[in-house]
Amino acid sequence: DVKVTQSSRYLVKRTGEKVFLECVQDMDHENMFWYRQDPGLGLRLIYFSYDVKMKEKGDIPEGYSVSREKKERFSLILESASTNQTSMYLCASKTPVRNTEAFFGQGTRLTVV
Amino acid sequence: AQKITQTQPGMFVQEKEAVTLDCTYDTSDPSYGLFWYKQPSSGEMIFLIYQGSYDQQNATEGRYSLNFQKARKSANLVISASQLGDSAMYFCAMTGNTGRRALTFGSGTRLQVQP
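Residues numbered from 1 in each chain as written. Chains lettered and ligands numbered in written order. Predicted model: local features only at pLDDT ≥ 70, side-chain atom pairs only at ≥ 80, totals over all residues. Heavy atoms only, no water.

What's the story with the state of the cysteines in this structure? I'm lost.
Throughout this description, disulfide means a covalent bond between two cysteine sulfur atoms. Summed over all chains, the structure comprises two disulfides over all chains. Sulfur-sulfur distance for the disulfide between A:Cys23 and A:Cys91 comes to 1.9 Å. Disulfide A:Cys23-A:Cys91: the torsion about the S-S bond is -80°, which places it as left-handed. You can see A:Cys23 sitting in strand β3 (residues 19-25) and its partner A:Cys91 sitting in strand β9 (residues 87-94), a full 68 residues away along the chain. Across this residue pair, the class does not change: A:Cys23 and A:Cys91 are buried. Disulfide pairing places B:Cys23 opposite B:Cys92 at an S-S distance of 2.0 Å. Judged by the sign of its S-S torsion, about -65°, the bond between B:Cys23 and B:Cys92 is left-handed. On the criterion of sequence distance, the pair formed by B:Cys23 in the loop between β3 (19-21) and β4 (24-26) and B:Cys92 in strand β10 (residues 88-96) is long-range, its members being 69 residues apart. By relative accessible area, which is 0% here, B:Cys92 ends up buried. (Disulfide = S-S within 2.5 Å. Helix = DSSP H or I, 4+ residues; strand = E, 2+ residues; numbered from the N terminus. Buried < 20%, exposed > 50% of the residue type's maximum accessible area, 1.4 Å probe, protein only.)

I'm lost on the nonpolar core in this one. Help?
As a rule of thumb, nonpolar side chains are buried together in soluble globular proteins. Counting residues in each nonpolar core, the largest one holds 24 residues, and the members touching the most others are B:Tyr25, B:Leu34, B:Trp36, B:Ile49, B:Leu77, B:Tyr90 and B:Leu111. Contributions of two or more residues to this core are made by β3, β5 (32-39), β6 (46-52), β8 (64-69), β9 (74-79), β10 and β12 (109-114) of chain B. Judged by nonpolar contacts, the second largest core, of 21 residues, contains A:Trp34, A:Tyr47, A:Tyr64 and A:Ala81. (Core = buried A, V, L, I, M, F, W, Y, C linked by side-chain atoms within 4.5 Å.)

Can you walk me through unusual backbone geometry in this structure?
Phi is mostly negative for residues that are not glycine, and the peptide bonds are mostly trans. In this structure, A:Lys53 is a non-glycine residue whose phi angle is positive, near 65°. Along the chain, the position of A:Lys53 falls in the loop between β5 (42-51) and β6 (54-57).

Teacher, can you tell me more about the pattern of salt bridges here?
Pairing between side chains of opposite charge can happen when the charged atoms of each approach one another. Residue and element names in this part refer to chain A. This model, assessed by the stated rule, comprises seven salt bridges over all chains. Residue Glu79 pairs with Lys18 through a salt bridge whose shortest N-O separation is 3.7 Å. Highlighted residues: Glu79 in the loop between β8 (73-78) and β9 and Lys18 in the loop between β2 (10-13) and β3, separated in sequence by 61 residues. Assessed through its relative accessible area of 41%, Glu79 is described here as partly exposed. Beyond isolated ion pairs, a larger network of salt bridges with shared partners links Arg36, Asp38 and Arg44. (Salt bridge = Lys/Arg side-chain N within 4 Å of Asp/Glu carboxyl O.)

Printed below as a string of structure tokens:
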């Protein structure tokens, strides 16, 4: 059974904290993504990685960074958490082949207080 | 740049009836792919159906079909014989063949199936 696993289902952090969201996939996928999901806005791409150590900014990268040191792991970092980063964060992985589906993790609901 | 527009924030349908969820898209890529995902209240993202821009026939998967009209840049999802378990958020998404290789999502449609 293919799997994308996010390290936490729920997180509560304080404003200004450095926050790490971890994502691991077991499908040997080259591409990995971080999205945030907010009501009425759908899923918005934060960052995308197409290989180890390779990354591209998505639509809303401000306030975030990413790390991909190993193929199976893609980390999202909030350098200094702010209340407007309270959201659901979804990690996904996919092969580069266009007609293949992306597989998603279960999501991390982050609350910044 | 790619853009997906879903203009129906919410839809209601009676059990056993068919429903169409709208999706329009915009892209400069000559070759692209279109996806639909379902997100139940549990939060998981479930892949439903895929349509390639050069596919000659509309995609079908069980009770799901994709009404692809390339000239109108629309990729509507049709669910036949709705079931109570179809109540969920539905997202349309696309990926290009050049440029952006990530999936671009629309804002979603919340479908509620009534008994």
